[in-house]
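Examining the three-dimensional arrangement
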Amino acid sequence: MGIDELAAAATDGGGASAPTALAARVQRRVWSRRVDSWDRHQSAGLEKVVAAVVAEAGEATGLSVVDLGCGTGQLCLPLAEKGAGVLAVDVSEAMLERLRERAAERQAAQEGRFAGSISWLCSPIETLAVPAQTVDLVVSSYALHHLRDPEKARLVRNAYGWLRPGGRLIVADMMLGRGATADDRRIIRSKVAALARRGPGGWWRIAKNAARYLLRVQERPISSDAWSRLLRDAGFADVTARPIVAEAALVQGRRPRG
Ligand SMILES: C[S@@+](CC[C@H](N)C(=O)[O-])C[C@H]1O[C@@H](n2cnc3c(N)ncnc32)[C@H](O)[C@@H]1O
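All values reported here derive from a predicted model rather than from experimental measurement. (Residues numbered from 1 in each chain as written. Predicted model: local features only at pLDDT ≥ 70, side-chain atom pairs only at ≥ 80, totals over all residues. Heavy atoms only, no water.)

Turning our attention to the sheet that holds strand β7 (residues 163-174). Across the sheet, which stays open at both edges, the seven strands sit in the order β4-β3-β2-β6-β7-β9-β8 with mixed pairing between neighbours. In this open sheet, the two strands that pair with only one neighbour each are β4 (117-122) and β8 (237-245). Averaged over all pairs of adjacent strands, the angle between their axes in this sheet comes to 15°, without regard to strand direction. Where strand β2 (residues 64-68) meets strand β3 (residues 85-90), five bridges bridge the pair, whose relative direction is parallel. (Pairing = 2+ DSSP bridges. Helix = DSSP H or I, 4+ residues; strand = E, 2+ residues; numbered from the N terminus. Axes fitted to C-alpha atoms, helices over the stretch in contact; angles between N-to-C directions.)

Next up on the list: the site of the ligand. Taken together, 21 residues lie near the ligand, and W38, G69, D90, E126 and S141 sit nearest. In this structure, a nitrogen atom belonging to the ligand sits 2.7 Å away from a main-chain N or O atom of G69. Here a nitrogen atom of the ligand sits 2.9 Å away from a polar atom, N or O, in the side chain of E126. A per-class count over the shell around the ligand returns eleven nonpolar, eight polar and two charged. (Near = heavy atom within 4 Å. Polar contact = N/O pair within 3.5 Å; in protein donor to acceptor, adjacent residues only side chain to side chain. Nonpolar A, V, L, I, M, F, W, Y, C, P; charged D, E, K, R; others polar.)

Below, the discussion takes up the environment of G83. As for its position among the elements, G83 is in the loop between α5 (76-81) and β3. Sequence separation between G83 and S64 is 19 residues; the distance between their C-alpha atoms is 9.7 Å. Not counting chain neighbours up to four residues away, the residues in contact with G83 comprise A60, T61, G62, L63, A115 and G116. (Contact = heavy atoms within 4.5 Å.)

As a further point, take the layout of surface pockets. Reported here for the largest pocket is a volume of approximately 1,200 Å³. The wall of the largest pocket is formed by 35 residues, among which M174, K191, R205, N209 and E247 lie closest to the centre. Looking at the lining of the largest pocket, the elements with two or more residues in it are α3 (35-40), α4 (44-57), α8 (182-196) and α9 (200-215). Broken down by element, the lining of the largest pocket gets its largest block of residues, eight residues, from α9. Looking at side-chain class alone, the lining of the largest pocket contains 18 nonpolar, eight polar and nine charged residues. The volume enclosed by the second largest pocket comes to roughly 330 Å³. Lining the second largest pocket are 19 residues, with M175, D183, I187, S223 and S224 sitting closest to its centre. Going through the elements one at a time, α8, α10 (224-234), β8 and β9 (248-254) are the ones with two or more residues in the lining of the second largest pocket. It is α8 that provides the largest number of residues to the lining of the second largest pocket, a total of four residues. Residue composition of the lining of the second largest pocket, by class: nine nonpolar, four polar and six charged. (1 Å grid on protein atoms, 1.4 Å probe; cavity = no way out; pocket = protein on both sides within 12 Å on 5 of 7 lines; lining within 4 Å. Points joined across faces, edges and corners; volume = space filled by probe spheres on them.)

Here it is in structure tokens:
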């Protein structure tokens, strides 16, 4: 199945529980208002995260890729330029609209040297339905920490089912637990210090993020060890985890061939 058929067959399967449907609605509302700010958000950290995923993906030509929580295309555009066929999925139609504009601009600027292709689907990740064993690579950057914890586990199991044998899941995200480990505390300290240096605006962000993080509203990161466990429990092999920058880490695993 090529990426066009895959894109035509993938759907929002619906059927979310009430808390999951509510969480997805909140994400849609929040992110639909942040299209401009996220699109302009060209931080060195985000660049490093995208570069790490693109490098981890390796030779992308001809791969069928699903990008979960694609936003305005920071990750899926470089992958498509490298020759992948990407199905870009996001809960926010406004984000996808900006992605379509950026894809058209970059395709025009490259005058035919844009090697791959992008299709899009507006769907919560939690209810995304993709035909079994049709995908070579599932990627996500800075999106899955928004999912509720049971949905993270379900997503990893679903991704395993979408992947062809030998296919890979690569998750790059804010990865930290709730302060129980020295690593968590180091990440929290460095985030707080970086925000505090910004003055009153930063202090406001510290208060807001601390409330969201402690109450598990919108921001629900888990540690790279916890992500690795989810992948292993779902059957992934060769699972590895490594820090990228600040709070961001990358976890990846492969669906065994046998
Ligand atoms: C921080 S942005 C990251 C965007 C992009 N992946 C990047 O690295 O720049 C998070 C994105 O995830 C999307 N998102 C959040 N929760 C989602 C959900 N439950 N289902 C689908 N998309 C979701 C948001 O709409 C937003 O576009």
